[in-house]
Amino acid sequence: MQGTINRMCKSKTARSALTLPLYVGFCLLLTAGLAEVHAQSTGPAQQKQPSGASTATDSSPVANAQQSLYNASGQNGAQVTQDSYHGSVVTGKATDTVLDLSLDDAIQRGLRQNLGLILQTSAVKNSNGQRLEELQALLPTVNATTSIEVQQINLNAFGISFPGLNPIVGPFQVVDFRAYLTQNLINVSALKNYIAAKHNFEGAKLTAEDARDLVVLTVGNAYLLCIADAARIEAVNAQLATSKVSLDQAVAAHDAGTSPRLDVLRAQVDYQNEQQSLISTKNNLEKDKLALARTIGLPLDQAFRLTDLVPFKVLDNVDPQAAFVQALKSRKDLAAYAEQVKSTSAEKTAAWAYQLPVASFAGDYGDIGITPGHSHGTFSATGQVSVPVLQIAKTKGQEQVADAQYEQAKARLSDQIQQVNQDVRNSLLDIQSAAKLVDSTHSNVELANQALSDAQQRFRAGVADNLPVSQAQSQVEQANDQYISALYQHNVAKLSLARAIGAAQTNYKDYLGGK
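Here is a short report on the structure shown in this document. Computed from a prediction, not measured in an experiment: that's the story for all the values here. Residue numbers here run from 1 along each chain, matching the order of that chain's written sequence. The predicted origin of the model limits local features to residues at a pLDDT of at least 70 and limits the giving and counting of side-chain atom pairs to 80 or more, whereas totals for whole chains, interfaces and linings rest on all residues. Based on all heavy atoms of the structure, the side-chain values leave hydrogens and waters out of the count.

All right, on to the sheet that holds strand β5 (residues 358-371) then. Whether two strands pair comes down to DSSP finding at least two bridges between them. Secondary structure follows DSSP: runs of H or I at least 4 residues long count as helices, runs of E at least 2 residues long count as strands, and numbering of each begins at the N terminus. On the basis of which strands lie adjacent, the open sheet formed by 4 strands has the order β2-β3-β5-β6 and antiparallel pairing. The sheet is open, and its two edges are formed by β2 (141-154) and β6 (374-386), each paired on a single side. Direction aside, neighbouring strands of the sheet carry axes that sit 20 degrees apart on average. Relative to β5, strand β3 (residues 168-186) runs antiparallel, the two being bridged by 11 bridges. When the bridges of β5 are listed, Ala179 appears paired with Tyr365. Axis geometry follows a simple rule: fit a line to the C-alpha atoms, using only the stretch in contact for helices, then measure angles between N-to-C directions, giving values from 0 to 180 degrees.

With that out of the way, let us pick up the packing of aromatic side chains. Only the six-membered ring of Trp is used, alongside the rings of Phe and Tyr, when aromatic pairs are assigned; centres must lie within 6.5 Å, and planes under 30 degrees apart are stacked while those over 60 apart are edge-to-face, with the rest tilted. In total, this model carries 0 aromatic pairs according to the counting rule given. Either the NZ atom of lysine or the CZ atom of arginine qualifies as a charge over a ring when it sits within 6 Å of the ring centre and within 35 degrees of the ring normal. Against the face of Phe304 rests Lys289, its NZ or CZ located 4.8 Å from the ring centre.

Going from Gly170 to Pro171, the amide bond is cis rather than trans, its omega being 5 degrees. If you trace the backbone, Pro171 turns up in strand β3.

Three or more residues of helix α3 (residues 103-113) are buried, namely Leu103, Ala106, Ile107, Gly110, Leu111 and Gln113. Contact criterion: two residues are considered in contact whenever any of their non-hydrogen atoms come within 4.5 Å of each other. Elements that come into contact with the buried residues of α3 comprise β1 (99-101), α4 (115-136), α5 (188-255), α6 (261-296) and α11 (504-513). Exposure is judged per residue with a 1.4 Å probe applied to protein chains only, and the accessible area is read against the type maximum: over 50% gives exposed, under 20% gives buried, and values in between give partly exposed.

Take helix α7 (residues 320-330) next. Buried residues of α7: Ala323, Phe324 and Ala327, and no others. In an axial view of α7, the angular spread of the buried residues amounts to 100 degrees, which keeps them on one side of the axis. Packed against the buried residues of α7 are α8 (332-353), α9 (392-460) and α10 (467-501). By arc we mean the arc of the directions from the helix axis to the C-beta atoms, nothing more.

As a further point, take the side chain of His490. By the secondary structure assignment, His490 is in helix α10. Classification of His490 as buried rests on a relative accessible area of 1%. Aside from chain neighbours lying at most four places away, what touches His490 is Phe312, Lys313, Val314, Ile431, Ala434, Ala435 and Val438.

Turning to the nonpolar core, a few remarks are in order. Put simply, a nonpolar core is a bunch of buried Ala, Val, Leu, Ile, Met, Phe, Trp, Tyr and Cys residues held in one set by side-chain atoms that sit within 4.5 Å of each other. Counting 70 residues, the largest nonpolar core has Leu101, Leu224, Leu292 and Leu497 as the members making the most contacts within it. Those elements that provide at least two residues to this core are α3, α5, α6, α7, α9, α10 and α11. Element by element, the count of residues in this core is highest for α5, at 20 residues. Residue contacts for Leu101: discarding those within four places in its chain leaves Ala106, Arg109, Tyr223, Leu292, Ile296, Leu298, Phe304, Arg305, Leu306 and Thr307. Grouped together as the second largest cluster of nonpolar side chains are 5 residues, Tyr337, Val341, Ala409 and Leu413 included.

All right, on to the environment of Glu407 then. Within the secondary structure, Glu407 sits in helix α9. Under the relative-accessibility criterion, Glu407 is labelled partly exposed at 37%. C-alpha of Glu407 to C-alpha of Val341: the two residues are 66 residues apart in sequence and 8.4 Å apart in space.

Each reported salt bridge corresponds to a side-chain nitrogen of Lys or Arg within 4 Å of a carboxyl oxygen of Asp or Glu. Throughout the structure, instances matching the rule amount to 16 salt bridges. The shortest N-O distance in the salt bridge between Asp263 and Arg266 comes to 3.0 Å. Highlighted residues: Asp263 and Arg266, both in helix α6, separated by 3 residues, approximately one helical turn. The same class applies to Asp263 and to Arg266, which are both buried. Asp333 is the partner of Arg499 in a salt bridge, and the nearest nitrogen-oxygen pair spans 3.9 Å. Taken together, the residues span a long stretch of sequence, with Arg499 in helix α10 and Asp333 in helix α8 at a distance of 166 residues. A residue is classified by how much of its surface remains accessible, and Arg499, at 0% relative accessible area, is buried.

See below:
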């Protein structure tokens, strides 16, 4: 069903009546082609991959975050992945001075230079570009052209001949300056596609905001891991000094004839083991500092020292249900999933609206003649209503695809809500467990040190050999390592809780420092 109103004023330059059939035929072909293009362009836009929301945090953030730092390869593509947050864009050059780096400085650098956040910001621009593309279908489109045509016609080629008439017409020229306007007056499908793109854009912005929390979690974990390595180096140095004292005692006792050579050998093995442990621990610290530099955009050859030491402070009186309710309000990824549901709902309506009539307007105005000085204004105006008639299979197929995507988006949102609830409760369980481990391992350190002191005194008095001393030193080393690991786990669990609630960027200091 199509209604067309055409108006055309005549040009000053009269065209040959003999070329009119050819001209009319050409216009019909052009109109048919434009109608086909118009029919194709009025359908719903192709389904775009939604920007989506950030991947939920792992249920075991302590072990997984530490392992991911060691395994970060830095091979990050254009798509944002979890590994993207272990990379960065390096700014500046390394200096000869040692940079003092606090936890807050590291996080602020990460919020500026982290690769994951940069890629998410670029995704926002891409989503906005798609929104503008969909908006253009609702706005007027104006194009302008200028043409100069020179033509010569052989009438004999068209089977036209008159006695005494020269079959060669021309050459003659036509100059045309013209502007074209097209406008969708009623197009429900295009409107809904724009609304869907708008929700995708809002979801992309929310995802980029959520990425800032992931940056804080990644950088904070890397910084805490370096603190734990530094504490291990300090503990190993103390154990190395203790082993040196035990070795000197064994040598002195052997020289005095009160201790066998075996005690000296045993003490030497313990001392060398501590030296090897110190080498390994320093190597781990340097590797973890490189991983930290990668997340915040520092040159890898830039020397820096950590200035913050996060002490143990208990985080009590956190109600899981209250924390979950706060997360529902604060988590940007949940809001991004909600925008995705709205987007797929609009796309579902757009697919259904493809079977509705589309009203549009097209017109042109220009100046045409032999020369610009010998020309006259002409215009045309067309109103059109297009109705799909026999496209049932295509329409139903698009509706089912859009409906499936809508159901998937709702299911993902529902699942993500439960994932956030699990993240909150897992973090609280990790905090409680790590707090108990801190108390237990701290007591073990004190007991192990007391046992070592007693064993050293017994060996010095000649009551026993240095085997108990060696065993006690091993227990002290194990107790110190467990205590440092428990402190690290407790701090990372508190940081993970801040992320689970959606407050990592704004309130991470409150969680690490206790409330």
